[in-house]
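# Structural characterization, general
Here are the chains, one letter per residue:
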Amino acid sequence: MEDKENKKSIQDKLATIKYNCDNKTHLIVDQKKCAKCKDKPCLAICPANVYSIDENTNEIVVQYENCLECGACRLFCPKGAIDWNYPSSGCGVVFKNS
Amino acid sequence: MFFIEITCIINIMDINYNADVIVVGAGPCGISAALEVARAGKKVVLLDRAKYAGSKNMYGGAIYKTALKEVFQDDFDTLPYERIINSHSWAFLNDTGSFSLTYQDSCESEAYAVKRFNLEKWMIEIIKKKGVYFAPNTLVKNLVMQNEYVVGVETELEKYYAPIVILADGVNSLLAKGLNLREKYKPKDVILSAKETIKLDKKIIEERFNLKEDLTNGVTKMYLGNPDGIKNVFMMGFLYTFKDTIMLGVGANLSDLVQNKININKLLEYLKNHNDIKPLIKDGQTLEYSAHLIPETGYNKMPKLTDNGVIVAGDAAGFVNSVHFEGTNYALISGKLAGKTALCALENSNFSQEYLSLYKKELDKSFILKDLYTYRNIIDRLYDRRASLMNYYPYKMKEFFKIVTSANCKSKSLQFREYFLSFFKDRNLKELIKDGYMAFRCVLDIFFGR
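Note that residues are indexed from 1 along each chain, following the sequence as it is written. Labels are handed out in written order, letters beginning with A for the chains and numbers beginning with 1 for the ligands. Totals for whole chains, interfaces and linings use all residues, but because this is a predicted model, local features are given only for residues with pLDDT of at least 70 and pairs of side-chain atoms are given and counted only at 80 or more.

### Here we look at the overall build of chain B
Heads up, the rule is: Working definition: helices are DSSP H or I runs of at least four residues, strands are E runs of at least two. Numbering for both runs from the N terminus. What counts as a contact here is a pair of residues whose C-beta atoms, placed from the backbone, lie within 7 Å.
Within chain B one finds 17 helices and 19 strands. By principal-axis analysis of the C-alpha atoms, chain B measures approximately 90 × 50 × 40 Å. If you take every contact in chain B between residues at least 6 apart in sequence, the share linking residues at least 24 apart comes to 74%.

This is the structure we're talking about:
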């Protein structure tokens, strides 16, 4: 399966999930650290496509609204560039059928 | 020294406590802990960050009877289960087919398929009746410390005080990490799991899996074996039948995913499209997609379980036995033991780390630390041989059964001889010896466990 195809597949699946969206991000990335990161595993590994790259600025774009709060990025980020928190009380993903 | 201790106690006594015990996290562990405390007539506050308890949680699909009965006693009879799981299969997948083993028993069953949203809702209703004060929508930001004792929690709105705080805040436990009770996990220490809940007509599920209409039987399947071309990824797929949905998911070691740059959804799609699984979920509609981490830290990387005024339990302490897919039972029972320890501490008004270490002794006596000790090296042993387990043997099984079943008009003796010799030709002989040694050590671990 191609990466692009996989991104699309995830995007379709995310549409099945209910969120109670927080008005501020719970994932803060340190762009300076990201700029020095060669591998950027966050782009490939996140199961919810939260991380992408802005082709103009080369900065990491964080779509925190899609986050499934699994915590994987907190552990694998090689630069420790992600300040990972829980969304505010009552906010974030709402699994009803899992 | 004596003087310092006295001031400590006096200072702690100064606090106006809101409760006897605060429990953070309303999963099976926190709920069980809170219930244990409430049953003794003590005031317990259970806090959860979600609007609905259970809505942040995900698991394979089944909770276990013995632990549930131990915690909820007669209320177990009202468990809102969708199917009783009494058929267990293990399938070794190759690219085009599989080899599988099935164990089933229609009389005895331990596993009940329940959706987490419904499970937690049911548990919360019970414990509220038993006197637990439950506060959903409450994110704990920090622990409140005084004289090196945890004396409460700080939420987004206010502080709550209690002489004991039980941390049941799950695999990511930011609170346990903040207290330095555990070290930062490495990607190798966890499994990243992704799952789909697939909607199908109840009757279709019953036809495809040969199930009764009365929901008294159900199926779980475990899938081993990597897709061709993916090597060195320690992964396992799982399937559970529910009433009118099928849970299909996969878990893989996070370090392997990162090293090989594989997104977990790709493995999930591989399973969905495998010849063995595709017909089972045909025409199904994905109702929900979810992801979660499973700790694999086990006995060797267990956190410090207690400190002054605080106890860690459940996933937050890494209490999971992933070889046997056990975790919810560890959560329920470790929560109960944490609650029991809190009660003893309240009785004696001693909340020191030294006194609370009673909890570790209780865990040692229970199956939790016995099993975690027994399996302390097994996951690592299997992980080290993952290339054999996931890539080599599933394909050797395919070759073996091909000879057994194909009436290809060739000499059986010749074919079997060639097959036998292929074990020594395919790979370096060292690999075969290492596999054998691994299996031998695993058997020894279990035989000489606790």
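Moving on from the coordinates now.
### Side note on the overall build of chain A
Note the following rule: Only C-alpha atoms enter the radius of gyration, while the globule expectation follows 2.2 Å times N to the 0.38, with N the number of residues. Think of it as a crowd count around each C-beta: if 20 or more other C-beta atoms lie within 10 Å the residue is buried, if 12 or fewer it is exposed, and in between it is partly exposed, with C-beta placed from the backbone throughout.
Counting its secondary structure elements, chain A contains four helices and six strands. Listing each helix as α and each strand as β along chain A from the N terminus yields α-β-β-α-α-β-β-α-β-β. Over its C-alpha trace chain A gives a radius of gyration of 14 Å, about what one expects of a compact globule, namely 13 Å for 98 residues. In terms of its C-alpha atoms, chain A occupies a principal-axis envelope of roughly 40 × 35 × 25 Å. Burial statistics for chain A: of 98 residues in total, 36% are counted as buried. In chain A, the proportion of contacts linking residues at least 24 apart, taken out of those at least 6 apart, comes to 69%.

### A look at the sheet that holds strand S11 (residues 159-161) of chain B
Pairing between sheet strands relies on hydrogen bonds along the backbone, with the strands arranged either parallel or antiparallel. All names here are of chain B. Counted only if it meets this: Two strands qualify as a pair provided that DSSP identifies no fewer than 2 bridges between them. Simply put, an axis is a line fit to the C-alpha atoms, just over the touching stretch for a helix, and the angle between two N-to-C directions goes from 0 to 180 degrees.
Taking strand neighbours across the sheet as the criterion, the three strands line up as S9-S10-S11 in an open arrangement whose pairing is antiparallel. At either end of the open sheet lies a strand with only one pairing partner, and these are strand S9 (140-146) and S11. When strand polarity is set aside, the average angle formed by the axes of neighbouring strands in this sheet is 30 degrees. Pairing analysis gives six bridges linking S9 to strand S10 (residues 149-155), with the strands arranged antiparallel.

### Considering the confidence of the model for chain B
Residues and elements named next belong to chain B. The following threshold applies: What pLDDT expresses is the predictor's confidence in each residue, scored from 0 to 100.
Taken residue by residue, chain B gives an average pLDDT of 94. The fraction at 70 or more is 97%. In this model residues 1-10 is a low-confidence stretch, pLDDT under 50, and it forms one contact with partners more than four residues away in sequence or in other chains. Scored as a complex, the prediction yields pTM 0.95 and ipTM 0.98.

### Comments concerning the domain arrangement of chain B
What counts here: Each domain span listed reflects an automatic or database assignment of domains.
When its domains are assigned, chain B resolves into domain 1 (2-79 + 116-185 + 298-374), domain 2 (187-295) and domain 3 (379-447). Each of domain 1 of chain B and domain 3 of chain B has a C-alpha centre, and these two points are 45 Å apart.

### Observations concerning the sheet that holds strand S7 (residues 111-113) of chain B
All names here are of chain B. Read across the open sheet, the three strands follow the order S3-S7-S4; overall the sheet is antiparallel. Of all strands in the sheet, those bounded by a partner on one side alone are strand S3 (62-64) and strand S4 (83-85). Strand-to-strand, the axes of this sheet are offset by a mean angle of 35 degrees, without reference to chain direction. The sheet contact formed by S4 and S7 spans three bridges and is antiparallel. Counterpart to Ile85 in the pairing with S7 is Ala111. Running at roughly 60 degrees to S3, helix H3 (residues 65-72) makes contact with S3 and S7 of the sheet.

### Details of the packing of H3(B) against helix H10 (residues 328-348) of chain B
All names here are of chain B. Cut-off, in case you're wondering: Note on angle classes: values under 35 degrees are labelled roughly parallel, values over 145 roughly antiparallel, values of 65 to 115 roughly perpendicular, and the remainder oblique. Should the near helix be turned anticlockwise from the far one by less than a right angle, the crossing is termed left-handed; should it be turned clockwise, right-handed. Each residue gets one label: Ala, Val, Leu, Ile, Met, Phe, Trp, Tyr, Cys and Pro are nonpolar, Asp, Glu, Lys and Arg are charged, and the others, such as Gly, are polar.
Between H3 and H10, the least distance of the axes is 9 Å, while the angle of their chain directions is 25 degrees. In this view, H3 runs roughly parallel relative to H10, as classed from their interaxial angle. When the axes of H3 and H10 are compared, the crossing they make is left-handed. Side by side, H3 and H10 meet where Ala67, Leu68, Glu70 and Val71 of the first sit next to Asn329, Leu332, Ile333 and Lys336 of the second. The residue inventory of the contact of H3 with H10, partitioned by class, reads five nonpolar, one polar and two charged.

### A short note on the packing of helix H2 (residues 28-39) of chain B against H10(B)
All names here are of chain B. Where H2 meets H10, the axes come as close as 7 Å, and the angle between the chain directions of the two elements is 30 degrees. Read as a crossing pair, H2 and H10 show a hand that is right-handed. Of H10, the residues touching H2 (which contributes Pro28, Cys29, Gly30, Ile31, Ser32, Ala33, Glu36 and Val37) are Thr328, Ala331, Leu332, Ser334, Gly335, Lys336, Ala338, Gly339, Lys340, Ala342 and Leu343. Classifying every residue of the contact of H2 with H10 by side-chain character gives ten nonpolar, six polar and three charged.

### A closer look at the nonpolar core
All names here are of chain B. How we decide: To form a nonpolar core, buried Ala, Val, Leu, Ile, Met, Phe, Trp, Tyr and Cys residues must be joined through C-beta atoms within 7 Å.
In terms of nonpolar packing, the biggest core is built from 152 residues, with Ile22, Ala34, Val165, Ile166, Leu167, Leu192 and Ile311 touching the most fellow members. Sort the elements by how many residues they give to this core and H10 lands first, with eight residues. Each of domain 1 (2-79 + 116-185 + 298-374) and domain 2 (187-295) accounts for three or more of the residues forming this core. The contacts of Ala34, once residues within four sequence positions are left out, are Val23, Val44, Leu46, Ile127 and Val132.

### Digging into the environment of Phe134(B)
Residues and elements named next belong to chain B. Structurally, Phe134 can be placed in strand S8 (residues 133-135). Here the alpha-carbon distance between Phe134 and Leu332, two residues 198 residues apart in the chain, equals 17 Å. Residues within four places of Phe134 in sequence aside, it is in contact with Ala26, Leu46, Ile124 and Lys128.

### With respect to the interface of chain A and chain B
Many analyses report the size of an interface as the accessible area lost when the parts associate. In this complex, chain A contributes 31 residues to the contact, which on the side of chain B involves 43 residues. Breaking the side of chain A that touches chain B down by element, the ones donating at least two residues are helix H1 (3-14), helix H3 (41-45), helix H4 (72-76) and strand S6 (92-94) of chain A. Per-element tally for the side of chain A that touches chain B: the top contributor is H1(A), with five residues. A class-by-class count of the residues in the side of chain A that touches chain B yields 18 nonpolar, ten polar and three charged.

### Notes on the environment of Ala338(B)
Residue and element names in this part refer to chain B. Looking at the element boundaries, Ala338 is found in helix H10. When the 34 C-beta atoms within 10 Å are taken as the criterion, Ala338 is described as buried. Taking the C-alpha atoms as reference points, Ala338 and Thr306, 32 residues apart in sequence, are found 9.7 Å from one another. Ala338 has contacts with Ala33, Ile166, Ile311, Ala313 and Tyr359, leaving out every residue within four places of it along the chain.

### What to know about unusual backbone geometry
Residues and elements named next belong to chain B. Unusually for a residue other than glycine, Asn210 sits at a positive phi of about 60 degrees. Here Asn210 shows up in the loop between helix H6 (202-209) and strand S14 (219-224). Residue classification places Asn210 among the exposed positions, given that 10 C-beta atoms sit within 10 Å. A positive phi is found at Cys409, a non-glycine position, where the angle reads about 60 degrees. With respect to the element layout, Cys409 can be found in the loop between helix H15 (386-405) and helix H16 (412-425).

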